[in-house]
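Descriptive structure summary
Listed below, chain by chain, are the residues.
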Amino acid sequence: MKTTIKRTLALLLALLCLSALFACGAKENTPKAESPDTDGSNVSNDSPDEENSVSKTGLWKDALYLKDTTFGEGANTITVTVKADGQSVTFTIKTDKKTVGEALMEHDLLAGDEGAYGLYVKKVNGITADYDKDQTYWAFYIDGEYAMTGVDTTNISAGTVYTLERTK
């Protein structure tokens, strides 16, 4: 009889331990599903549940970065906000480059064609604006004011906020 009680208690204790182990559950501590971009950055494939991130839908499906991000090292620090389709992301860039365009191109955040009036910006953060296709373009703002210079000729100025907004 004592053997039966001991075995039963041992079995109950084992079951209790297993239950506790499963109840606590060793959850794997992994970040959201992210896929590395060509430059090693991470792009979230999920909808945003964090502050300062955008949804990877619509125009943002081709975006390189969906969250506020800091890039580079250097003496100059600039803040650039990219706006498109009602969403925005802000980049802080530390660089030794002299112009906003150079700083953005240094990190593959900007692409375009050289023209008679300088760089015609076609892509910002992987998002395309194609005037010939849908009459959209990238408007450039300096501290909220429409810029009178292009990104490739605008010298970096400390404390200034630059904005590129896909506009129609």
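Volume-wise, the largest pocket comes out at about 420 Å³. In this structure, the largest pocket is lined by 20 residues; those nearest its centre are Leu119, Tyr120, Val121, Trp138 and Gly150. Classifying every residue of the lining of the largest pocket by side-chain character gives 14 nonpolar, five polar and one charged.

What follows concerns the side chain of Arg166. Along the chain, Arg166 falls in strand S11 (residues 161-167). What makes Arg166 buried here is its relative accessible area of 17%. A polar contact is formed between the side chain of Arg166 and the backbone oxygen of Thr128, at a distance of 2.9 Å. Here Thr136 takes part through its side chain, which lies 3.2 Å from a polar atom of the side chain of Arg166. Here Arg166 is in contact with Leu59, Lys83, Ala84, Ile127, Thr128, Ala129, Asp134, Thr136, Tyr137 and Trp138, once residues within four sequence places are set aside.

What follows deals with the pairing of strand S4 (residues 76-84). One ladder, built from nine bridges, connects S4 with strand S5 (residues 87-95); its direction is antiparallel. Counterpart to Ala84 in the pairing with S5 is Gln87. Between S4 and S5, which pair antiparallel and follow one another directly, the connecting turn spans two residues, one of which, Asp85, has a positive phi of 55°. As paired elements, S4 and S11 share five bridges and run parallel to each other. Bridge pairing in S11 places Thr81 opposite Thr163.

Enumeration according to the criterion identifies five aromatic pairs in this entry. Between Tyr65 and Phe71 the ring centres are 4.9 Å apart and the planes differ by 80°, which places this aromatic pair in the edge-to-face class. The exposure class assigned to Phe71 is buried, which follows from its relative accessible area of 9%. Look at Phe140 and Tyr162: their rings are 6.1 Å apart centre to centre, the planes differ by 10°, and that puts the pair in the stacked class. In this pair, Phe140 sits in strand S9 (residues 137-142) while Tyr162 sits in strand S11, placing the two residues 22 residues apart along the sequence. Overall, Phe140 belongs to the buried group, its relative accessible area being 7%. Chaining the aromatic ring pairs together yields one cluster made of Tyr65, Phe71 and Phe91.

The next thing to look at is the sheet that holds S9. Hydrogen bonding along the main chain pairs the strands of a sheet, whether they run parallel or antiparallel. Across the sheet, six strands lie side by side as S3-S5-S4-S11-S9-S10; this open sheet has mixed pairing. Strand pairing shows two members of the sheet lacking a second neighbour, strand S3 (69-71) and strand S10 (145-146), which therefore form its edges.

This part is about the nonpolar core. One finds Trp60, Ile93, Trp138 and Leu164 to be the most contacted residues of the largest nonpolar core, which totals 31 residues. Elements represented by at least two residues in this core include exactly S4, S5, helix H2 (100-106), strand S7 (118-124), S9 and S11. It is S4 that provides the largest number of residues to this core, a total of four residues.

Reading across from one edge, S6-S7-S8 is the order of the three strands in this open sheet, with antiparallel pairing throughout. Whereas interior strands pair on both sides, the edge strands pair on one side only; in this sheet they are strand S6 (110-115) and strand S8 (127-128). With two bridges connecting them, S7 and S8 associate as antiparallel partners. Each bridged residue has a counterpart across the sheet, and for Lys123 the counterpart in S8 is Thr128.

Calculation criteria
- Residues numbered from 1 in each chain as written.
- Predicted model: local features only at pLDDT ≥ 70, side-chain atom pairs only at ≥ 80, totals over all residues.
- Heavy atoms only, no water.
- 1 Å grid on protein atoms, 1.4 Å probe; cavity = no way out; pocket = protein on both sides within 12 Å on 5 of 7 lines; lining within 4 Å.
- Points joined across faces, edges and corners; volume = space filled by probe spheres on them.
- Nonpolar A, V, L, I, M, F, W, Y, C, P; charged D, E, K, R; others polar.
- Helix = DSSP H or I, 4+ residues; strand = E, 2+ residues; numbered from the N terminus.
- Buried < 20%, exposed > 50% of the residue type's maximum accessible area, 1.4 Å probe, protein only.
- Polar contact = N/O pair within 3.5 Å; in protein donor to acceptor, adjacent residues only side chain to side chain.
- Contact = heavy atoms within 4.5 Å.
- Pairing = 2+ DSSP bridges.
- Phe/Tyr/Trp six-rings, centres within 6.5 Å; stacked < 30°, edge-to-face > 60°.
- Core = buried A, V, L, I, M, F, W, Y, C linked by side-chain atoms within 4.5 Å.

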